[in-house]
Structure formats: C-alpha cells, structure tokens
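Single-letter residue listing:
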Amino acid sequence: MIEDELNIKRFGLVGTKLAHSFSKTFFDKEYHKTYPSPAQYTNYELASADQIVPLAKRLHLCGLNVTLPFKQSVIPYLNSLSPDAQTVGAVNTILFRRLPTGIIATGYNTDAIAFEACVEQYLPQHGKALVLGTGGAAKAVAHVLKKCGLTVTYVSRNADADSAIGYNRLTAETIAAHTVIINATPCGTLGFGAEVDIPYNGISERHLCFDLVYNPPETLFVAECRRRGAIVQNGLQMLCRQAEESWKIWNGIL
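Residues numbered from 1 in each chain as written. Predicted model: local features only at pLDDT ≥ 70, side-chain atom pairs only at ≥ 80, totals over all residues. Heavy atoms only, no water.

So, about the state of the cysteines. Applying the stated rule across the entire model yields zero disulfides. Free cysteine: C118, not disulfide-bonded; nearest cysteine sulfur from C240 at 8.9 Å. For C118, a relative accessible area of 3% corresponds to the buried category. Taking the relative accessible area as the measure of exposure, C240 reaches 19% and is therefore buried. (Disulfide = S-S within 2.5 Å. Buried < 20%, exposed > 50% of the residue type's maximum accessible area, 1.4 Å probe, protein only.)

Written as structure tokens, this is what we have:
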C-alpha cells in the first residue's frame, strides 16, 4: 500500500443487499463539503455479522454504517457501545480505532438522533404509536417515541403476543386509535418486493405517518397516507441526518 493510500480515510456501509442504498452516493457528494481530508466510502455486502470486524481490520477501515440485517447481530462482535446504542439495543455506526494492542470497535446509534430530529415537532399532540417492524431501526424509532411520552405497539409478521401484534390483527379501528404510524421495515424499498399492507381506511388527517424507506421517494404507504390527509415523511431526511452524525463520530467532532 503506497503512502497516499495510507492517508485516505476509509469508510463504508455493510449489509446483505445494498443495491438500493443511497449512502455511498450521498457520502461522495456531501462529505468533502465539510471534511477536506481524503476519504473513500464503499458498499460491502456480507453474509453474516461476524465478518464485519475482520473486514475492517483487513481493509484498514475507519468507520462503517450498518444496515439490514446486522444492526443487532453485530453487537457481540464489538468492544463497546455508546450509551445510546446500549439503550436502544441496536448499532448503525461503528468507529474503529487502532491501538498497539489491536483494533477497538465501538458501536453507536445515530438512527435515534436522526429520527427524533425529523419528528419531534409533531409528537406532543399524539399519544399512541404503531411501529411496523421489530428490527434495529424499529428499536431506535420506539426509543424516541417512548422518550417523548408515546405508548408504542410493535407490529410484526412474526408476532409474539408478549412483544408485538400480527398484521392480521390490524383493523381500521386500531389504525385510527394509533395516530403515529412508522414503517421501520424494508417493505416498499426498491428491489425488496412487498409493500406494507395495513388497513389504510383508518388513516386520517390526524395521523403522522413516517416511512423509513427513501428509495423510491414515494412508497404505497406514503402515497396512501398522504391521500387521506396525514402528515407524511419518507426516510431521506433521516438518512441525511444520521449520516451527518456518523461523520461527526468518525472525525472526533462529537
């Protein structure tokens, strides 16, 4: 490795299916506006979470963003967690530090910070929320909603009576009673196939409906909720905000 290459900061995104992701495009466009040092951002499709830290060691990575399905499964392979990641129980950003004794991998959660920035102005008028999904992103969303005083119910295709309800139990009345609905699944994402399937006739202008999906910009969920007068957002603003927080961590700004 030549000297110029050693001076490049290397970052990336890890997941199993990354063709839909805007993270690299966003990084390549925005990073150098804020941080002048040479840097590269690469997508790494991996089969399992135990490959992440060895990848970082091999390629001299400084940091990684983490997406499906590794936000929770990567935790046992890290040396430590930030307080937010510990509380949420999920990691979407990893900082790698090199010491004489080896590499130190610390997990952070910038999803929660980004989601809260997107929705906090709307939440005081709401009391009950449905979070579609039970993965790492759903945990970050639920953490914010609970912190803001909302009662949260998870909805999952693999429902456990103690922790989530099944989609088959959703009725228009249930939807109407939960005026915040967050899609924290990949359903609707370009290349992932199925769309969110809920009783949209329960949606009204009283609702806040947030889809973490950003590609395409308008999913069926967003279109149906907007058509019924709800306040709607897709996940692009959240993506940008969590990326900014990740870069602060990687560059020691926080």
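Here the focus is helix α6 (residues 136-147). In a regular helix each residue adds 1.5 Å, so 12 residues correspond to 16 Å; α6 covers 17 Å between its end C-alpha atoms and thus fits that length. Buried residues along α6 sit against α4 (83-88), α5 (111-119), β7 (128-132), β8 (151-156) and β10 (180-183). Positive phi shows up at G149, right after α6, with a value of about 95 degrees. (Helix = DSSP H or I, 4+ residues; strand = E, 2+ residues; numbered from the N terminus. Expected span 1.5 Å × (residues − 1). Contact = heavy atoms within 4.5 Å.)

With that settled, the discussion passes to the sheet that holds strand β11 (residues 208-211). With respect to topology, six strands assemble into an open sheet ordered β9-β8-β7-β10-β11-β12, the strand pairing being parallel. For this open sheet the edge positions go to β9 (164-166) and β12 (231-233), each flanked by a neighbour on one side alone. Averaged over all neighbouring strand pairs, the angle between strand axes comes to 20 degrees, with direction disregarded. One ladder, built from three bridges, connects β8 with β9; its direction is parallel. The residue of β9 that forms the bridge with V155 is I165. The strands that α6 touches are β7, β8 and β10; relative to β8, the one it contacts most, it runs at about 160 degrees. Across the face of the sheet, helix α8 (residues 220-227) comes into contact with β7, β10, β11 and β12 while running at roughly 165 degrees to β11. (Pairing = 2+ DSSP bridges. Axes fitted to C-alpha atoms, helices over the stretch in contact; angles between N-to-C directions.)

Applying the stated rule across the entire model yields eight aromatic pairs. Arranged with centres 4.6 Å apart and planes meeting at 15 degrees, the rings of F11 and W250 form a pair that is stacked. Of this pair, F11 sits in strand β1 (residues 9-15) while W250 sits in helix α9 (residues 236-250); the two residues are 239 residues apart in sequence, bridging distant segments of the chain. By relative accessible area, which is 1% here, F11 ends up buried. Since its relative accessible area comes to 6%, W250 is described here as buried. (Phe/Tyr/Trp six-rings, centres within 6.5 Å; stacked < 30°, edge-to-face > 60°.)

To continue, consider the packing of α5 against α6. In the contact formed by α5 and α6, the axes pass within 9 Å of each other and the chain directions differ by 50 degrees. Accordingly, the angle class assigned to the pair α5 and α6 is oblique. Considering how the two elements wind past one another, α5 and α6 form a crossing that is right-handed. Contact residues: D111, A112, F115 and E116 in α5; A137, A140, V141, H143, V144, L145 and K147 in α6. (Parallel < 35°, antiparallel > 145°, perpendicular 65-115°, else oblique. Left-handed = near helix turned anticlockwise from the far one by under 90°.)

The next subject is the nonpolar core. What tends to happen in soluble globular proteins is that the nonpolar side chains get buried as a cluster. Counting 29 residues, the largest nonpolar core has F115, V131, L145, V180, I182, F210 and L212 as the members making the most contacts within it. At the level of elements, α5, β7, α6, β8, β10 and β11 are the ones that each hand at least two residues to this core. If one sorts the elements of this core by residue count, α6 sits on top with seven residues. In contact with I182, not counting residues within four places along its chain, are F115, L130, V131, L132, V141, L145, F210 and L212. (Core = buried A, V, L, I, M, F, W, Y, C linked by side-chain atoms within 4.5 Å.)

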